[in-house]
Amino acid sequence: MGFAVLDRLAMLGDQRRRASGSPPPSSRLKVVVSALASSALIITALAVVPSAAPTVQAASTNISQGKVATASSVENAGTPASAAVDGSTTTRWSSAFSDPQWIQVDLGQTASITQVILIWETAYAKSFQIQTSPDAVTWTPIYTTTTGTGGTQTLNITGSGRYVRMYGTVRSTGYGYSLWEFQVFGTIGPVPTPTPVPTPTPAPTATATPTGCSTANFAQGKTATASSAENAGTPASAAVDGNTGTRWSSAFSDPQWIMIDLGSTQSICKVVLMWETAAGKSFSIDVSADGSTGWTSIYSTTTGTGGTQTLTVNGSGRYIRMYGTARTTGYGYSLWEFQVFTGSGPAPTPTPTGTATATPTPTPTPTPTGGVCSQPAAPNFGPNMHIFDTTMSAATIQTQLTNDFNLLKDTNTAQFAENRAAEVFKPGTYNVTANVGFYESVAGAGLNPGDVVINGDVTVDAFNSEDAGNATQNFWRSAENLTINPSAGADRWGVAQAAPFRRIQVNGGLNLFPASYGWASGGYISDVKVTGAVSSVEQQQWYSKNSNFGSWSGSVWNMVFSGVTGAPAASFPTPPMTVLGTTPVSRDVPYLYWDGSAWRVFVPSLQTNSSGTSWPNTPGTSLPISQFFVVTPGATAAQMNSALSSGCNLFFTPGVYHLNQTLNVTKADTIVLGIGYPTLVNDGGIDTMHVADVNGVRLKGLLLDAGTTQANTLLTIGTAGNTTSHASDPVSIQDVFFRIGGEFAGKVTNSLIVNSYDTIIDHIWAWRADHGAGVGWTSNTADTGLTVNGNNVLATGLFVEHYQKWDVVWNGQNGKTIFFQNEIGYDEPNQASFMDGTTNGYAAYKVASTVTTHEAWGLGSYVLFNANPAVVVDHAFQAPQVSGVKFHNLTTISLGSGVILHVINSTGGATPTSVTPVTVTSYP
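Not measured: the values here are computed from a predicted model.

Each value, and the rule that gives it
Residue positions within a chain follow its written sequence, with the count starting from 1. Where local features are concerned, this predicted model is filtered to residues with pLDDT of at least 70; where side-chain atom pairs are given and counted, the filter is 80 or more; whole-chain, interface and lining totals use all residues. Excluding hydrogens and water, the side-chain values take into account all heavy atoms of the structure. Helix and strand assignments follow DSSP, with helices taken as H or I runs no shorter than four residues and strands as E runs no shorter than two, numbered in order from the N terminus. Buried, partly exposed and exposed residues are distinguished by accessible area as a fraction of the type maximum, computed with a 1.4 Å probe on protein chains only: under 20%, between the cut-offs, and over 50%, respectively. Any two residues having at least one pair of non-hydrogen atoms within 4.5 Å are treated as being in contact. Surface exposure here means Shrake-Rupley accessible area, sampled with a 1.4 Å probe, where a residue is shielded only by the protein chains that are shown. We define a polar contact as two N or O atoms separated by no more than 3.5 Å, with the added condition that, inside protein, one atom must be a possible hydrogen donor and the other a possible acceptor, whereas residues neighbouring each other in sequence contribute only through side-chain atom pairs. Working definition: rings of Phe, Tyr and Trp (its six-membered ring) pair if their centres are within 6.5 Å, and the pair is stacked with planes under 30 degrees apart, edge-to-face with planes over 60 apart, and tilted otherwise. We call a charge positioned above a ring when the Lys NZ or Arg CZ atom is no farther than 6 Å from the ring centre and deviates by at most 35 degrees from the ring normal. Between any two strands, pairing holds if DSSP finds at least two bridges.

Asks: If you had to explain the overall build of the chain to someone new, which residues and values would you point to?
Replies: When its secondary structure is counted, the chain shows five helices and 59 strands. Residues classed as buried in the chain amount to 60% of the 924 residues present. Residue pairs at least 24 apart in sequence account for 69% of intrachain contacts in the chain once pairs closer than 6 positions are excluded. Split by element, the accessible area of the chain, about 31,000 Å² in all, is 53% carbon and sulfur.

Asks: Help me get a handle on the environment of S228, residues and values and all.
Replies: Along the chain, S228 turns up in the loop between β8 (223-226) and β9 (248-249). A distance of 2.9 Å separates the side chain of S228 from the backbone nitrogen of A251, its partner in a polar contact. Among the polar contacts made by the side chain of S228, one reaches the side chain of Q256 at a distance of 2.7 Å.

Asks: Explain the packing of aromatic side chains to me, and be specific about the residues and the numbers.
Replies: If you walk through the whole model with that rule in mind, you get 41 aromatic pairs. Here F652 and Y657 contribute two aromatic rings whose centre-to-centre distance is 5.4 Å and whose plane-to-plane angle is 75°, an arrangement assigned as edge-to-face. Assigned by exposure class, F652 and Y657 land together as buried. Ring pairs connect the aromatic residues F416, F438, Y439, F475, W476, W765 and W767, which therefore count as one cluster. Sitting above the plane of the F438 ring, R477 keeps its charged end 4.4 Å from the centroid. The ring centre of W476 lies 4.8 Å from the NZ or CZ of R739, which sits over that ring.

Asks: Describe the pairing of strand β43 (residues 698-705), with residues and values.
Replies: In terms of residue burial, β43 counts as a mostly covered element, since eight of its eight residues are buried. Of the pairings in the sheet, the one linking strand β40 (residues 671-674) to β43 comprises three bridges and is parallel in character. Of the residues in β43, the one forming a bridge with I671 is R698. By the bridge criterion, three bridges tie strand β41 (residues 679-682) to β43 in an arrangement that is parallel. Looking across to β43, one finds that L680 is bridged to L704. Pairing of β43 with strand β45 (residues 732-740) involves seven bridges; the strand directions are parallel. Across the sheet, residue R698 finds its bridge partner in β45, namely S732.

Asks: Account for the environment of G774, with residues named and values stated.
Replies: Summarising the element assignment, G774 is placed in the loop between β47 (760-768) and β48 (784-788). Apart from the residues within four sequence positions on either side, G774 is in contact with G741, F744, A745, S779 and N780.

Encoded structure:
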């Protein structure tokens, strides 16, 4: 679902309420809702409009005003470094939301500094230094604090230098650092005599390594420093450790540098740069006697090739640096290794030889404590996973929750950003409210949901003014494994796709729609107890599995239940309720919990023909965290693969992980578990993950985002042609989501291919983006969302949308699907571009002609050809007409533009453009 249909849905709202049997809000309620919405807008505006900064006067001269300022990063184009030295307290610099960050001002000449005034916006530094430098390379601290107060800080200090910077290491909020003004007071001194910068010798075309050049890497193990590090896992030292599985990476800005102290003056004849995908496009290699002055360039380029660059050079110095001025990507500079070779060489500096090979495939050993994959009882879960316990005050916890939500809530700015968060509560009772934003997970860390109690709400609503009261873009957020005592009788979970609500007890009601009564676009519940009523109102489609409800009310197009006590009576198509008494095969998700002294992961057992919740006393096994490699931002694909090959499981913490090699899961019963929507991006056209044809692999809680180079497949399960049965211990794919486009123009042929027999697909959303960045028929290209080749595969909760051929192709025998939600692509430019041979369009769900047994319940497919309304689809569902292939309760709908001529094969009428469902109760 995308924003393109919001206006159409709003106009049809009253019509659909009448069709669903849900009463419209009374006029008085509408006024109240309107007033509340207006109040919310006012509050939101107050929250995001920065408070006015005071005007501060000082006795001496502000020598920084109007000077050149640079920074490690900026939050956006409207908050540049220059805004902090423009003399205006209504403009500001703000950084990216990470540590460390800095802002520096070039005073033009050496100055004697007597005072610095920092006029902070609300997002201030808790720990920072004021530093000076003669050259912006070597810095001397002249003020240090770990108890920054924010507001206006007047620092009376003594120092000198041409450059002055604020270097922040700990923020007071979840945002970045933000300064209205960075004022420096003092006296400008005489202009120093500049050190001449030699002109580099023109580069000849020779490429051979000079005679007498050593074959030993002289830089290995030496001291390395850098202008910045992306995070604690990517320090400068990682580029000189001799390990091609660790790397240095910088902040996402220019310029950046990494410098090596060789210990003594050396004659340098060759440099090898082993770039990660984020390489330097324009950079120089410089040498210096003291690492601070007199840098001499011995190589420079504006056409860096990335990969492994072998540069034959000639120069001498104790210090050598790579100084980057333009990057190849939107990320920083990233080097697996910075190698330096010494010895005699020719006078000229040859042109570098850039190899055509990709980044080398490293085989490092992962770095957790105590063995190849073991973690301590309380491992480092990285910067984006926030763990709460009952020793913390409610105010402290609420502040963290609120800060994270403010960072993640905005549909315009957060939907395709790279911020990720997990809020994890150790066992206990908490009086807080968690509003849940994009890429945010809220989870209890007890063995059972009753071990963590929230006296408050865990809420998703149409939070933003740009949502216009609709929740149709409330994607990528989750709640799990806790008990909620709602503040006003009912919790609210008004979501769209990729937003699971699992292992939760709600003592009261549960509303699956926004408070505005606007639209929502489908969701998923599993293993949930609701003591009161579950109300869907304007939810267009929903799947509920293995749960206990007090009651259920509401329906629009496609409501499906399996193994749910308290489900409504089966009544498709009026109202459209599809109800199965049990779920044929199911298995609850693995989850992290705290046993009172250590972290563990519980792995629930397989169930057949089940109903109701699996808890308390969920059958299964418990694994210590020592059997997991905890993946935190900065970890590499090589480390992950080394851990997997050593028999470790993976626990992904929130973050975005760019992979330069396919993750290979080869051992039976491996668990790959994520929290906080860890996002795996396949760079360079590789497949993201391959799972061997083995028993019991469990994948849960991942977002696979297609990279910008065309790849074949994001995830492949099993080996094509393998016929091994895994019925007693199948592979599970749960809460695993696939995205092509949205943040950038991703490209892939297939999102998910399932070859292994008996695989369980339990809640996926495979989405070729219909909005965001890099979106267009020839931009974010993808043929097929799901291809099933294995036999006896079960899909429960299958969401697949907008692919350019079939959304789902089912080639295996005895497949089953319970609930299917689909939108055919919006952007087909013409009929010729959307033809399956001589058939108009591709079916959304195709069962191959060779299949003799297949069964599916509760399927819906919608069409909105907004690029060309003349495009048509012959049928949404395609299957062989044999007795063993059975479909129950199918729906097709036109969302106002475009037509589906038949529901399945030639059965079922054409969709009218009035958003009226066309249904088939059974086929054949």
